[in-house]
Structures are given as C-alpha cells and as structure tokens.
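Residue-level structural notes
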Amino acid sequence: MSQHYYSQQPETRHDRREIQTVLRGKKFHLISDAGVFSKGDIDYGSRALIEAMEIPDGSDVLDVGCGYGPIGLAAASLNPAGHVTMVDINNRAVELSRENARNNGIGNVTVLQSDVLSAVVEQKFDVVLTNPPIRAGKAVVHQIFEEAYRQLNEGGSLWIVIQKKQGSPSAVAKLESLFPEVEELGKDKGYRIIRAKK
C-alpha cells in the first residue's frame, strides 16, 4: 500500500520546501516537507477556507488535520486575543506546524499529535476548522464531524471545505444529521465552503 499524508509516522524521505505566501492580508513564511498534505503549496481548498472563515477575536479555535499549519496559523493571526489548537495524526506535520508558528512569531497556538480529536476530548471550542483528510476515507471524515459537534460550545461553528466530487453531498447529509443549521457559504472551482452551527 502506498503511504500518504494520513499516516502517523511518514517514512517518505524529507524534501523540505519554503512557501512564501499572503493569507488574509498577512505575509507568512512556511516550511513544508514530503509526507504531508499539499507539500508544494497551500492547496486551493485550504486557501478558499482561509478566505471565508470567520474567527471572532477571543475565541477558542480548533484546526483538525492542520498539516504544516496554514489554516490554523491564519486563524491565530486573526484571533490575537484567543487561542488556536492545531491537531494532526501525522507527526511530521505536527513538528512543521510548531516550527512555522515559531518562524512567523505566532504564540497563541498549541499543536498536538492526535488521531481525529482524541487529544482534545477535555476541551471545548467556539470554532472548528477542517479541510478534511478525504484520502483517509468517509468514516474518518464523518468521525471528525461527530467529534467536532461534541467539542463545540453551544452556538459554535464547524467550517469545512470539500469538493463536490470528493463527497460534499454525503458530507452535507451527515452534517445535517448532527447540526441544527448547515449552510453552504460559497463555491469556488468545485470547492464548497460549508458552515454548520450548533
């Protein structure tokens, strides 16, 4: 079986790359590596989510499947009075997110190795963000939705980005079975931005 980014310990040889980018008007210098999601550049779906997401300042935010950190670090920069917890199953991604937080002077983050939300079961959040790991399979994606619902405060929001061809109709159906309010907030090149409110 070929290995992919949804692995705890990627064995792919390192191939570190530098990504200079602007997210929500702020410059970021990010390091990525082989064995993590979208190593060459921030993928289009993540960029679409970053542009759309609403992060109230002072909120507790969770980024599920953080990769090397673009979504969570952008959220932290929009939320200086709050805190962002970033989780990923992939140890290499976790180390890169920590490095990228340090390199960009972002201190209001905690990065944890976690299978779905297992490392944060004692915490509650105002906002959960995810570009879900489609290659891990539908069961894992739906588990993220279920656990996000449990970890959200009343009135909190789950923001996801998903392509129609990657299963957005079934994702929406799953969200509607959990959340009282599910809304598609945008479409961009086949990517859908969906917000589910608790």
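Residues numbered from 1 in each chain as written. Predicted model: local features only at pLDDT ≥ 70, side-chain atom pairs only at ≥ 80, totals over all residues. Heavy atoms only, no water.

On to unusual backbone geometry. In this structure, Arg-24 is a non-glycine residue whose phi angle is positive, near 50°. As for its placement among the helices and strands, Arg-24 is situated in the loop between strand 1 (17–23) and strand 2 (26–32). Given the relative accessible area of 32%, Arg-24 is considered partly exposed. The backbone phi angle of Val-116 is positive, close to 55°, even though this residue is not glycine. On the secondary structure map, Val-116 appears in the loop between strand 5 (109–113) and strand 6 (125–130). Since its relative accessible area comes to 5%, Val-116 is described here as buried. (Helix = DSSP H or I, 4+ residues; strand = E, 2+ residues; numbered from the N terminus. Buried < 20%, exposed > 50% of the residue type's maximum accessible area, 1.4 Å probe, protein only.)

For Asn-79, the location among the structural elements is in the loop between helix 2 (70–78) and strand 4 (83–88). Given the relative accessible area of 0%, Asn-79 is considered buried. Here Asn-79 is in contact with Ile-55, Pro-56, Asp-57, Gly-58, Ser-59, Val-61, Val-84 and Asn-108, once residues within four sequence places are set aside. (Contact = heavy atoms within 4.5 Å.)

Let's shift gears to helix 2. Because an α-helix packs 3.6 residues into every turn, residues spaced three or four apart end up facing the same way. Counted residue by residue, helix 2 has seven buried out of nine residues, so it is predominantly covered. Where helix 2 is concerned, the buried positions are Pro-70, Ile-71, Gly-72, Leu-73, Ala-74, Ala-75 and Ala-76.

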